[in-house]
Amino acid sequence: MMKSMTAYARASRTEGELTADVEIRTYNSRHLDPMIRVPSGMNGLEERIKAMLASRLARGRVEVRLQISDMQQAMDAFEVDMARAASCKSALECLARTLDIPGEVSLGMILDAGTGILRTAEKTVDPERLLPVVETVMGEALDSIDAMRCTEGRYLADDFRRRLDWIEEQVNAIETASEDLVTLYRNRLMERVSLLLQDAGLEADPGRLLQEAAILADRSDISEEVVRARSHILHFRDIMDGSEPGGRKLNFLLQEFNREFNTMGSKAGDSSVAHRVVAVKAELEKLREQVQNIE
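All values derive from a computational prediction rather than experimental measurement.

**Things to note about the packing of helix α8 (residues 223-241) against helix α9 (residues 247-268)**
When two helices pack together, their arrangement is captured by the angle between the axes and the distance separating the axes.
Stage number 1. In the contact formed by α8 and α9, the axes pass within 10 Å of each other and the chain directions differ by 160°. On the basis of the axis angle, α8 is roughly antiparallel to α9. Helix-helix and strand crossings are classified by hand; for α8 and α9 the assignment is left-handed. Here Glu225, Val226, Arg228, Ala229, His232, Ile233, His235, Phe236, Ile239 and Met240 of α8 come into contact with α9, specifically with Lys249, Leu250, Leu253, Leu254, Glu256, Phe257, Glu260, Phe261, Thr263, Met264 and Lys267.

So this is what it looks like as structure tokens:
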């Protein structure tokens, strides 16, 4: 099944005190190119997320934004230096007595005067504790990504089939138009040479004429190119219907298509064939642009 490389998905999951939100965007790229953003202190999750992406996606640029809310960590977000606080309170009370300032020392006065009494707690994050909820939310988001890529891939596959059918019709028409070209070119050559020799009072060598005509006929024969073009069409359809990602193969196959039709155009030398070849090459270019979006 063909899949597109462009998709977007979001997912959210809560398990106990942990809530994980993830946003995934995928774009065209020749290789699997992940860009992962996780909260500060949770870098240990990146390798696990990369492994999840590699197990589900063959190629494409993948942007992952993960947010985690930990209620347990939020409750323990601050810590108090009790020794510093007690020392600050004693110093303020001593200052009040010395200066004969009435009133009690308040909490606000202690916090204002004592730098570092209340500070953000430095907590180490355990990736193993976060991993179950992360794997679950990533799995949900990747399921949505896969569904979107499959849906767009089906639309692209339908478009490809229509274009391939039209190209196949043109190959048949080119083959029909070129069937009489070999005989036509051979007879034209013999007529021209005979006329030239007759004007000069000379006689043509029938054997040499047949030899030259055979050479010209061989140069104008496009039967091999027609056979290979049909083979490429069959191979293209097989790749589209296969279970493996086929974007790279299809891109390479389109290059082979172009070579065959370029050769047809140069060999045939007939205006009707040349016009069809030009039309087919324009269609192949449209296919090439669309194939860049296939995984």
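**Re the nonpolar core**
Stage number 1. Counting 29 residues, the largest nonpolar core has Phe236 and Phe261 as the members making the most contacts within it.
Stage number 2. Every element with two or more residues in this core is listed here: α5 (127-178), α8, α9 and α10 (271-291).
Stage number 3. Each residue touching Phe236, except ones within four places of it in the same chain, is listed here: Phe160, Leu164, Leu250, Leu253, Leu254, Phe257 and Val291.
Stage number 4. Of all hydrophobic cores here, the second largest spans 28 residues; its members include Ala9, Val22, Leu45 and Val133.

**Re the sheet that holds strand β1 (residues 7-15)**
Stage number 1. On the basis of which strands lie adjacent, the open sheet formed by four strands has the order β1-β2-β4-β3 and mixed pairing. Only two strands of the sheet have a single partner each, and these edge strands are β1 and β3 (32-37). On average, each strand axis in the sheet is inclined to that of its neighbour by 15°, with strand direction left out of account.
Stage number 2. With ten bridges joining them, strand β2 (residues 18-27) and strand β4 (residues 60-70) adopt antiparallel strand pairing. In the strand pairing of β4, Leu18 is matched with Asp70.
Stage number 3. The strands touched by helix α1 (residues 46-56) are β3 and β4; relative to β3, the strand with the most contacts, the crossing angle is about 145°.

**Description of the environment of Met5**
Stage number 1. Along the chain, Met5 turns up in the segment before β1.
Stage number 2. With relative accessibility at 1%, the residue Met5 sits in the buried group.
Stage number 3. Here the alpha-carbon distance between Met5 and Gly247, two residues 242 residues apart in the chain, equals 9.6 Å.
Stage number 4. In this view, Met5 contacts Thr26, Tyr27, Asn28, Ser29, Arg59, Gly60, Arg149, Gln292, Asn293, Ile294 and Glu295; residues no more than four positions away in its chain are not counted.

**Quick word on the pairing of β2**
Look at any regular strand and the pattern is simple: side chains alternate between the two faces of the sheet.
Stage number 1. Sheet topology places β1 next to β2; nine bridges connect them, and they run antiparallel. Its bridge partner being in β2, Glu15 is matched across the sheet by Leu18.

Calculation notes
- Residues numbered from 1 in each chain as written.
- Predicted model: local features only at pLDDT ≥ 70, side-chain atom pairs only at ≥ 80, totals over all residues.
- Heavy atoms only, no water.
- Axes fitted to C-alpha atoms, helices over the stretch in contact; angles between N-to-C directions.
- Helix = DSSP H or I, 4+ residues; strand = E, 2+ residues; numbered from the N terminus.
- Parallel < 35°, antiparallel > 145°, perpendicular 65-115°, else oblique.
- Left-handed = near helix turned anticlockwise from the far one by under 90°.
- Contact = heavy atoms within 4.5 Å.
- Core = buried A, V, L, I, M, F, W, Y, C linked by side-chain atoms within 4.5 Å.
- Buried < 20%, exposed > 50% of the residue type's maximum accessible area, 1.4 Å probe, protein only.
- Pairing = 2+ DSSP bridges.

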